[in-house]
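Chain by chain, the residues run as shown.
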Amino acid sequence: MKDAAPATQPETFYLKDYTPFGFDVESVELTFRLAPETTRVLSRIRFAAKPDVAAPRFFLHGEALSLISARIDGTEVTPELTDHGLTCAVPDQPFTWEAEVEINPKANTALEGLYMSNGMYCTQCEAEGFRKITYYPDRPDVMSTFSVRIEGTEKVLLSNGNPVASGAGFAEWHDPWPKPAYLFALVAGDLVNHPDSFTTMSGKAVELNIWVRPGDENKCAFGMEALKKSMKWDEDTYGREYDLDVFNIVAVDDFNMGAMENKGLNIFNSSCVLASPETSTDLNFERIEAIIAHEYFHNWTGNRITCRDWFQLCLKEGLTVFRDAQFTADMRSAPVKRIDDAIDLRARQFPEDNGPLAHPVRPEAFQEINNFYTATVYEKGAEVIGMLKRLVGDAAYYQALDLYFERHDGQACTIEDWIKVFEDSTGRDLAQFKNWYSQAGTPRLSVEESYAEGTYTLTFRQSTPPTPGQPEKDPKVIPIAVGLLNPNGDEVLPTKVLEMTKAEQSFSFDGLNARPIPSILRDFSAPVILERESSAAERAFLLAHDTDPFNRWEAGRELAKAARIAMVTEGASPGADYLAALSTLLRDDTLDPAFRALVLAPPSESEIAQALFDQGITPDPDAIFDAAETFSQTLAQSLADSLPRLFAATQVDGPFRPDARDAGLRALNGRILGLLTRLDGGEAAARQFANADNMTVQNSALACLLKAGKGEAQSRAFFEQWQGDRLVMDKWFALQVATARPERAASVARELTGHALFTIKNPNRFRAVMGALSMNHAGFHQADGAGYDLLAEQLIALDPLNPQTTARMCTAFQTWKRYDASRQGLIRAALQRIKSVEGLSRDTNEMVSRILDA
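Keep in mind that this is a model prediction, so the values were computed, not measured.

## Section: the overall build of the chain
Looking only at helices and strands, one finds 27 helices and 31 strands in the chain. Over its C-alpha trace the chain gives a radius of gyration of 27 Å, about what one expects of a compact globule, namely 29 Å for 854 residues. Taken along its principal axes, the extent of the C-alpha atoms in the chain is 85 × 65 × 60 Å. Counting the 854 residues in the chain, one finds 60% classified as buried. Intrachain contacts of the chain at a sequence separation of at least 6 include 70% that bridge at least 24 residues. Element-wise, carbon and sulfur atoms account for 49% of the exposed surface of the chain, whose accessible area totals about 31,800 Å². Taken together, the 85 basic and 120 acidic charged side chains of the chain have centroids lying 2 Å from each other.

Here it is as structure tokens:
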């Protein structure tokens, strides 16, 4: 990792150039004297040159700092300062570096480093925010123990580790576990706590707190239960025990990400921890449960073992996403979770992997690391872990993880370290498997089949399209989970994992009495695109008979996609066979309601656009929208006799519970209500809204009404009821845009940017409006370019305030090459307008440049 400051042209950092920092950091002592505009930070850091590094260069990162003084071993020094850090002559022997700097948290709208949110001091140091707090070697391979003293008038003063002293106007904390600076955290404010405790498997009592602003105390109970479940699950499943005396969570309104795993002091976006039945939907509850688990699981996979450099980000994030997916599957429904993950991967990661922003799970180069907190690093990284587990087996996987924790505790590691653990533990050669980490792009898996004299043969071919910087790809190891069904619906081959290692490979199955129907890629066993011609009759058969829940859902999904594509390209009507199969499945009360809700959910308009593009057809967003409307209307009419009964049967009685059963029923009920609203003019939805006693039902009813062009009165009532709740108002803002007709979506979003409760400085509120616009497919892609112009305008305004959020929102443009020449021209003009802004941030410049280079 390079320490030099960027040149005028953004500097590119390369994995191949990694060199270790030349000094060990033996201890860190920090004192904060808090003041909104003039916080003083005093650091006392013990350095020792590494014996194996000759004449190491002493460089400390630092940005937006006012240096008051610097000393080495008590003697004042005058370091050489740049915009990105300092250098200084240092002794050959171990020495103590002391510095005092002044920073302005109130002016820090980028929300990196130490900043203020509604009068509360808080930090965000991942990836490179600590350099905005004080001068330090701000890189993940530099690990040390931290002792922190906070001086301020705030009631609550928190930092990492265990509390060691406190008094009037101060608190002191010590974290005994070495950590990199990106895991440092500080919070100070007039907060109240929701307390609890947990006893670890060794009998140690741990104090638990969720700290919130006064008034939010009644929204903490679910988050606390999720934390305790996570702690117990990690003990039971991975044998990992918590290692401090206290675990604190703090809810913060202004936060760029979902949450941050700082050691012992997790800082959460309020939307990812605060929940109550009245203000949160079932999806909110499930997301909160998963994110709390994710951040807690980082205590071992991210904190105790961290990444050597930011190129290895997937080492901690891919593994921890996989672990939180396991947790959710155990807490709720494993099949539903797997389907949800596949939907999310295809919606977010596949477009990334097949467009201008494609990069390997472990990137080889970057200009701004914040731009690589991506679906590829996180979600595809988790899929790679899942494939590895599938290949070696459950027992071998957990044995390898035990070795990983034993061998690398307290270290900053690489993907090579991770792979070596599995090789040593299992005896397997995983050199080819490592291609998943080094090669970008989504593999295509085509299949041919033959049957003769009781032997059925599947021949697979794999290929991965070129991606930026990688025109050719080597074959990967692909686990292909396969089952075979007889024509009568009986399963003749239970799920078997085929290990594909070649560009073309055949697998045969003997002793069959009839040509089977294959069920391929069960449980979505690899993140690939399966290319196989199959008839509507075969898909309907699998929808009715497949024993694998994922492939049963997939069969219905493929039927729906085929019908929608035929409607767009041929003017066809939805297939009667598909509608009949869907009706049968919907009425099957033996099936999980959440599964039925997923089958009933149509493919997204963006998914249809990509499917058309893959077939060489330029997608027309308006035609896709019209087909979606016709499809849903026809489906509703075909189910007209059943919908009222199904709607009544899926109502949930009794007190609200955010568990899997009730949440599944409410999800199915909401899908049914959407269809019913197309037939009854919104009568049932209006009653549901009026009688709602929880946010899931209220929000669902309002969405149905607004989608139907009704609900103006209900929308006003919703606003009047909830205008004082910032998180619920994010839902209101998003609904206005998400449900708007395509021709009105951009104008509705523009009106909302002038609303009294809209602020560009709050990431949640900005994403509620602009994110909803980008997800309204036909609305964002209106032929006049109004959606592109509005998003470009808002990104230009946001960039000088918050480059990180700006850059991430640029991904709305990443699929621009799949549309017609006119839309491409409008998007190109919007991107060039952003890129031409003087002083554009490095974050946004890199993203826009990569998208334009498509």
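## Focus on the packing of aromatic side chains
The geometry of an aromatic ring pair comes down to the distance between the two centres and the angle between the two planes. A complete count under the given rule lists 47 aromatic pairs for this structure. With centroids separated by 5.2 Å and ring planes inclined at 90 degrees, the aromatic side chains of Trp732 and Phe733 adopt a geometry described as edge-to-face. Phe733 shares its class with Trp732; the two are buried. Geometry around Trp177 places Arg304 over its ring, the cationic atom sitting 3.8 Å from the centre. Here Lys389 stacks its cationic end above the ring of Tyr397, 5.8 Å away from the centre of that ring.

## Quick look at the pattern of salt bridges
Summed over all chains, the structure comprises 69 salt bridges. With a shortest N-O distance of 3.3 Å, Arg596 and Asp589 are connected by a salt bridge. When its relative accessible area of 56% is taken as the criterion, Asp589 is described as exposed. A single network of salt bridges, built from pairs that share partners, joins Arg213, Asp216, Lys219, Asp253, Asp725 and Arg726.

## Comments concerning the sheet that holds strand S11 (residues 120-124)
In spatial order, the strands read S10-S11-S16-S13; together these four strands make up an open sheet with antiparallel pairing. Each having just a single partner strand, strand S10 (113-117) and strand S13 (156-159) make up the two edges of the open sheet. Neighbouring strand axes in the sheet, compared pairwise and without regard to direction, differ in orientation by 20 degrees on average. Taken together, the five bridges between S10 and S11 define a ladder with antiparallel strand orientation. Bridging across to S11, Gly113 finds its partner in Gln124.

## Concerning the nonpolar core
Nonpolar side chains in soluble globular proteins tend to be buried together. Core analysis: the biggest nonpolar cluster contains 257 residues, and Trp97, Trp418, Phe433 and Phe813 have the highest contact counts within it. Sort the elements by how many residues they give to this core and helix H5 (residues 375-392) lands first, with nine residues. With residues up to four places along the chain from it excluded, the contact list for Phe433 reads Val384, Met387, Leu388, Leu391, Ile419 and Val477.

## Observations concerning the sheet that holds strand S27 (residues 478-485)
Pairing in this open sheet of three strands is antiparallel, and the strands run S28-S27-S30 from one edge to the other. Across the chains shown, the open sheet's two edge strands, defined by having one partner strand only, are strand S28 (491-500) and strand S30 (517-520). Each strand of the sheet is rotated relative to its neighbour by a mean of 25 degrees, with strand direction disregarded. In terms of strand pairing, S27 meets S30 through four bridges, oriented antiparallel. In the sheet register, Leu484 faces S30, and the bridge partner there is Pro518. Contacts between helix H9 (residues 536-545) and the sheet are confined to S27 and S30, with S30 contributing the most and set at about 70 degrees to the helix.

## With respect to unusual backbone geometry
Of all residues except glycine, most have a negative phi; of all peptide bonds, most are trans. The omega angle of the peptide bond from Glu126 to Ala127 is 5 degrees, so this bond is cis rather than trans. Secondary-structure assignment places Ala127 in the loop between S11 and strand S12 (144-151). Here Asp523, not a glycine, exhibits a phi torsion of approximately 55 degrees, which is positive. When its relative accessible area of 29% is taken as the criterion, Asp523 is described as partly exposed.

## Regarding empty space enclosed by the protein
This structure, assessed with the given rule, holds two cavities of 30 Å³ or more. Considering only enclosed or pocket space, the second largest cavity measures out at about 40 Å³ in volume. In this structure, the second largest cavity is lined by Phe625, Glu629, Lys707, Thr739, Ala740 and Arg741. Among the residues forming the lining of the second largest cavity, the class breakdown is two nonpolar, one polar and three charged.

Rules of the game
- Residues numbered from 1 in each chain as written.
- Predicted model: local features only at pLDDT ≥ 70, side-chain atom pairs only at ≥ 80, totals over all residues.
- Heavy atoms only, no water.
- Helix = DSSP H or I, 4+ residues; strand = E, 2+ residues; numbered from the N terminus.
- Rg over C-alpha atoms; globule rule 2.2 N^0.38 Å.
- Buried < 20%, exposed > 50% of the residue type's maximum accessible area, 1.4 Å probe, protein only.
- Contact = heavy atoms within 4.5 Å.
- Areas by Shrake-Rupley, 256 points an atom, 1.4 Å probe, with all protein chains shown as cover.
- Lys, Arg positive; Asp, Glu negative; His and termini not counted.
- Charge placed at Lys NZ, Arg CZ, Asp CG, Glu CD.
- Phe/Tyr/Trp six-rings, centres within 6.5 Å; stacked < 30°, edge-to-face > 60°.
- Lys NZ or Arg CZ within 6 Å of the ring centre and 35° of its normal.
- Salt bridge = Lys/Arg side-chain N within 4 Å of Asp/Glu carboxyl O.
- Pairing = 2+ DSSP bridges.
- Axes fitted to C-alpha atoms, helices over the stretch in contact; angles between N-to-C directions.
- Core = buried A, V, L, I, M, F, W, Y, C linked by side-chain atoms within 4.5 Å.
- 1 Å grid on protein atoms, 1.4 Å probe; cavity = no way out; pocket = protein on both sides within 12 Å on 5 of 7 lines; lining within 4 Å.
- Points joined across faces, edges and corners; volume = space filled by probe spheres on them.
- Nonpolar A, V, L, I, M, F, W, Y, C, P; charged D, E, K, R; others polar.

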